[in-house]
Every structure is written in C-alpha cells, then in structure tokens.
There are 2 protein chains.
Amino acid sequence: MLAPSAVKASARASRLKKSVETRFDRRQSEILDHATSVLCAKGYAGASMRDLSRATGMSLAGLYYYFESKERLLYLIQKHTFTTIVQQLKVRLASETDAEGRIRIFILNHLEYFLANQKAMKVLSHEDDVLENGFGTEIAALKRGYYRICVSLMDELKQEKGLEFSSRIAVMSLFGMMNWIYTWYKPRVDGGAVDLARQMGDTFLTGIGSKQLRKRSSTK
Amino acid sequence: MLAPSAVKASARASRLKKSVETRFDRRQSEILDHATSVLCAKGYAGASMRDLSRATGMSLAGLYYYFESKERLLYLIQKHTFTTIVQQLKVRLASETDAEGRIRIFILNHLEYFLANQKAMKVLSHEDDVLENGFGTEIAALKRGYYRICVSLMDELKQEKGLEFSSRIAVMSLFGMMNWIYTWYKPRVDGGAVDLARQMGDTFLTGIGSKQLRKRSSTK
DNA sequence: GTATAATTAGAACGAACGTTCGACCATATG
DNA sequence: CATATGGTCGAACGTTCGTTCTAATTATAC
C-alpha cells in the first residue's frame, strides 16, 4: 500500500526480477526529465511542486510516490547529471596520453554534454549550493572529483611543457568560460560543441601555454 | 500619512531642500546593503521579505515604506550595481588608447569591483533573469550596454593587431572567466583583484592574440 | 478471477508567503 | 503647545507552499 521511494528502492534492489529497468525507474526518469525543464526555467526555489506536477501531468500526491521530497528530486537530477558526464569523460580520456590532447578532450566532453543537456547542466550550475547536509555534501564530493580530474590534467600539462601557473585559477577560469555558456548560448548563432571547444581550447591553451618557466625546455 | 516610495521619490525630487542625500535615501541604502547579503546567501526566490526584515532590523511593514515590492528591491540593487560599475569603467577607459591596454582596464575594473562588491555582483549575476517586464528590460538594457563596450574593445583589438575571431564568443568567454569567480573565490587563497586581472588578462589576451588573420600586419 | 501489490489522485494539513491597513511614535515647523 | 508629516510597527489579509492521509484505481501473480 504505502510505498515511498526509499522503501521501493531497496525492495527493487533485492528482487531484481527480469529487467533491471523497472517500470518505476522508467516513470521516475520521465518525471525527472520534465522536472528538469521546470527547474531550469524557474529555479529550484521558484518552482513549486505544483509546477512540477503540472509539467509532468502527474498529481501532486503522485509525485511523492516517486520522490520523498523536493530536495531529493533536485538531488537525483544533479547526481545523475554529474555521474554521467564524469563517466563519459573517463572513457574518452583513456584513449589519449598527450597532456594538451587530454585537456582538449576534457573541454570537448564538457561542452558536448553541456549543449546536449543544457537544462540539466544549468540546474547543476545554477542550483549549486541549495542542497543541504547529506544531499549537499554528496553532490559537492562529485563536483570536487570532477574538478580534481581537470586540475591533474593541468598539472600534467605544466610538467610536460615546463609551464608555471596556478592550476587552481586556470581550472576555475576554464570552468567559468565553459559553464557561463548557459547564460548566452544560442545554437543558431554560436555553432556546435566541436567548434566552441576548438575555439575555447585554442584560446585557453595558447594563453596558458605562454607561461614558460624558463626559455625552451620541451621535455623533462 | 501614506507615503510609499514612488510618491516619496517625486516629492523629494521636487523639493530638494538642503542636502541631496536625504534621510530616506540613507536609510534605503542601508536596507539595500543588508538585503544584498540575504539575497546573495539565499537567492531571490529563496529569500522572504521576513528574512530581509530580520536582517535589516526593520519590521516587515516598514520595508514596504521604502520598497513598493520585493521585485523593486532587487531591481534597485541590480540597477545601482550596474550603473556604478559602468560609470567607473568609463572614467578609467578615458585615459587609455592602446587596445590591449583598454581590455586590461576592462578586466581589472570588472574584477576589482567584483571582489569589492562580491555579494551585489553575485546577486547581479545569479539573479539575471528573474525580473520581469519593465524592471527586466531596463536591467537587460544596462547589461547589453556593458557587454557592448567590451565587444567594441575587442573589435578595436582585432583591427589594431589584425586578428580574426568571434568577438561575441571571446567576450562571452571572458565574462564567464570573470563572473564565475563568485563560485570559487577565496581571498586568502586566490590573491587580490590586481593579480587575478593580470593572470586572466595574460591568459585571455595571449590566447586571443594568437589568432592572426595573416602573418605580420601590425597597423592598418 | 480473485488476491496482492504497485501506482495514482482528491482533499486537506499547518506553515510561510507577499502585501496591506490603520494605528502609533518621532520630529520639526508654526 | 499644537499640528502636520515622515517614519515605524503589530496584526491581519488571502494565497500558495511542501507534505501527508486515505481511498480509489490499475497492473501483476496465482
């Protein structure tokens, strides 16, 4: 009878009948998709559960069958988005060893995912610090992991090319460049992810690359 | 008896007794300062008038003596912030003719103001599209004007150095770099505006500067 | 086909929202 | 001192908020 999502989740995990993707999961994903649009448009605090209810076509009470709270709904969106982008990045990074090439892969992966999932990425970027306690720290950890990957790529580059600059500020600048996109990007005007990634990659890497530690020392 | 801020404003404007800065203006500014902190911390939609009342030490009803609505309060913060930064920029730009120098001034001005008024600038950046109709279009116009200044600086640079790149994307990338600061900046760790401006200026200008239209053509 | 569980919806909860009203202080001018 | 005006407040308005209860409906298994 009463089966909120927490109870539900463990029940499904222990049973695992025929398909891993249960009806529950499918419906939940659909709802999350619609919810993402609304949260993107109105912001987390500005969007009401009634707004989400309306957008998904599900009753207000029905939503609480799938999500135990509004906060958990945002958490699920953010977690899924972060997990997916990191996972996709790791696959792509595995096939490249050159430091500059790896940073270009990072940029391309970020921008491609960003443009392909603009609404979710805006919700991720814009509602960065609204989750509290447990939810908040978990998402913050995912974010830190993602940032750390980028920092280590930057360190690789510095070592490989004998450069000297603050990895932290470089990474933050790069993320700023890329994440700010959600405030201005227009598909018709600004081209696709590949072009954008090349342009931002050129600008960033050439700029960063000029900070030689000492004159000419290509290999260690 | 009944004297909401709209009526008040015109009354003060027509009288202009001894000091231009009336008690009303002073108190209103104080409230706006406190309100900025709250809006920065909780977001526009997430902050209630009761939160602002608590932070300013003024009663809920008292707030409405100074601001006819919550929306207008945000509008006043954004308008003041934008106006001030643009005005300060114009003064500084007047004393420099070199294209690269002017862009460096733009960056420095933006970052200095940003770091000196972090909360207001976060409210400006983060609550970019929450104002509607009249309020919204006026702030949007101020923003467009500010952006256009930067675009024209970029065009100057392109012409002066014979470069070829998209001014729009360059400007947006630069703003992303700078505005993203509010998500990561820690005074103790990341230094002051001058250092940051030099670092970002170097990165950006060197990166952008590599996009020669053709080899060597310094002047028109 | 009936029992059992998964899914949905209507109606309501108390709390908090933005805003308003009318009555109070404070201050300064006559 | 009287009186007008600028400033402030407590209390309440009607609405909407996130959430929950209970009952009805639908899918699944025997």
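That block above? That's the structure.
Computed from a prediction, not measured in an experiment: that's the story for all the values here.

Undergrad: Can you break down the interface of chain A and chain B residue by residue, with the values?
TA: Counting residues at the interface gives 32 residues for chain A and 32 residues for chain B. Across the interface of chain A and chain B, roughly 2800 Å² is buried in total on both sides, 62% from carbon and sulfur atoms. The largest share of the area that chain A buries against chain B comes from Arg168(A), Ile169(A) and Trp180(A), three residues that together contribute 23% of it. At the junction of chain A with chain B, the criterion picks out four salt bridges.

Undergrad: Outline the relation of the copies chain A and chain B, supporting the account with residue identities and numerical values.
TA: The transformation that overlays chain A on chain B combines an axial shift of 0.0 Å with a rotation of 180°, and the residual RMSD is 0.0 Å. Considering both components of the superposition, the chain copies are consistent with a two-fold axis. Among all C-alpha atoms of chain A, that of Gly207(A) lies closest to the rotation axis, at 2.0 Å.

Undergrad: Describe helix H8 (residues 133–161) of chain B, listing the residues and the values that go with them.
TA: All names here are of chain B. For H8, with 29 residues, the first-to-last C-alpha span of 41 Å sits near the 42 Å given by 1.5 Å per residue. Buried residues belonging to H8 abut helix H5 (70–93), helix H6 (99–116), helix H9 (167–179) and helix H11 (193–209). Directly after H8, the chain includes Gly162, whose backbone phi takes a positive value near 65°.

Undergrad: Give me the protein's contact with DNA strand C: which residues, what numbers.
TA: Residues in contact with DNA strand C amount to 22 residues; listed here are only the nearest, Ala61(A), Tyr65(A), Tyr66(A), Met49(B) and Tyr64(B). Counting only atoms of DNA strand C within 4 Å of the protein, the fraction found in sugar and phosphate groups is 54%. In the model, a base nitrogen of DNA strand C is placed 2.8 Å from a nitrogen or oxygen of the Arg50(B) side chain. Contact distances for DNA strand C include 2.7 Å between a phosphate oxygen and a side-chain N or O atom of Tyr64(B). Put simply, the parts of the chain that give the surface near DNA strand C at least two residues each are helix H1 (5–15), helix H2 (23–42) and helix H4 (60–66) of chain A together with helix H3 (49–56) and helix H4 (60–66) of chain B. If one sorts the elements of the surface near DNA strand C by residue count, H4(A) sits on top with four residues. Tallied by class, the residues present in the surface near DNA strand C amount to 11 nonpolar, four polar and seven charged.

Undergrad: Please provide a residue-by-residue account of the packing of H8(B) against H9(B), values included.
TA: Residue and element names in this part refer to chain B. Where H8 meets H9, the closest approach of the two axes is 9 Å, and the angle between their N-to-C directions is 120°. One element, H8, and the other, H9, form an angle in the oblique class. For the crossing formed where H8 meets H9, the hand is right-handed. Taken together, the residues of H9 that come into contact with H8 (itself represented by Tyr146, Tyr147, Cys150, Val151, Met154, Asp155 and Lys158) are Ser167, Ala170, Val171, Met172, Leu174, Phe175 and Asn179. When grouped by side-chain class, the residues that make up the contact of H8 with H9 number 10 nonpolar, two polar and two charged.

Undergrad: Can you tell me about the pattern of salt bridges, naming the residues and giving the values?
TA: The full count for this structure, using the stated rule, is 28 salt bridges over all chains. Ionic pairing is found between Asp190(A) and Arg168(B), a salt bridge with its closest N-O pair at 2.7 Å. Here Asp190(A) is found in helix H10 (residues 187–190), whereas its partner Arg168(B) is found in helix H9 on a different chain. The class for Arg168(B) is partly exposed, based on a relative accessible area of 28%. Where Lys42(B) meets Asp51(B), a salt bridge forms, and the shortest distance between an N and an O atom there is 3.2 Å. On the basis of relative accessible area, Asp51(B) is assigned to the buried category, the value being 12%. Members of the salt-bridge network, linked through shared partners, are Glu100(A), Arg104(A), Lys161(A) and Asp202(A).

Conventions used here
Residues numbered from 1 in each chain as written. Chains lettered and ligands numbered in written order. Predicted model: local features only at pLDDT ≥ 70, side-chain atom pairs only at ≥ 80, totals over all residues. Heavy atoms only, no water. Contact = heavy atoms within 4.5 Å. Buried area = accessible area lost by both parts, 1.4 Å probe. Salt bridge = Lys/Arg side-chain N within 4 Å of Asp/Glu carboxyl O. Least-squares fit on C-alpha atoms with pLDDT ≥ 70 in both. Helix = DSSP H or I, 4+ residues; strand = E, 2+ residues; numbered from the N terminus. Expected span 1.5 Å × (residues − 1). Near = heavy atom within 4 Å. Polar contact = N/O pair within 3.5 Å; in protein donor to acceptor, adjacent residues only side chain to side chain. Nonpolar A, V, L, I, M, F, W, Y, C, P; charged D, E, K, R; others polar. Axes fitted to C-alpha atoms, helices over the stretch in contact; angles between N-to-C directions. Parallel < 35°, antiparallel > 145°, perpendicular 65-115°, else oblique. Left-handed = near helix turned anticlockwise from the far one by under 90°. Buried < 20%, exposed > 50% of the residue type's maximum accessible area, 1.4 Å probe, protein only.

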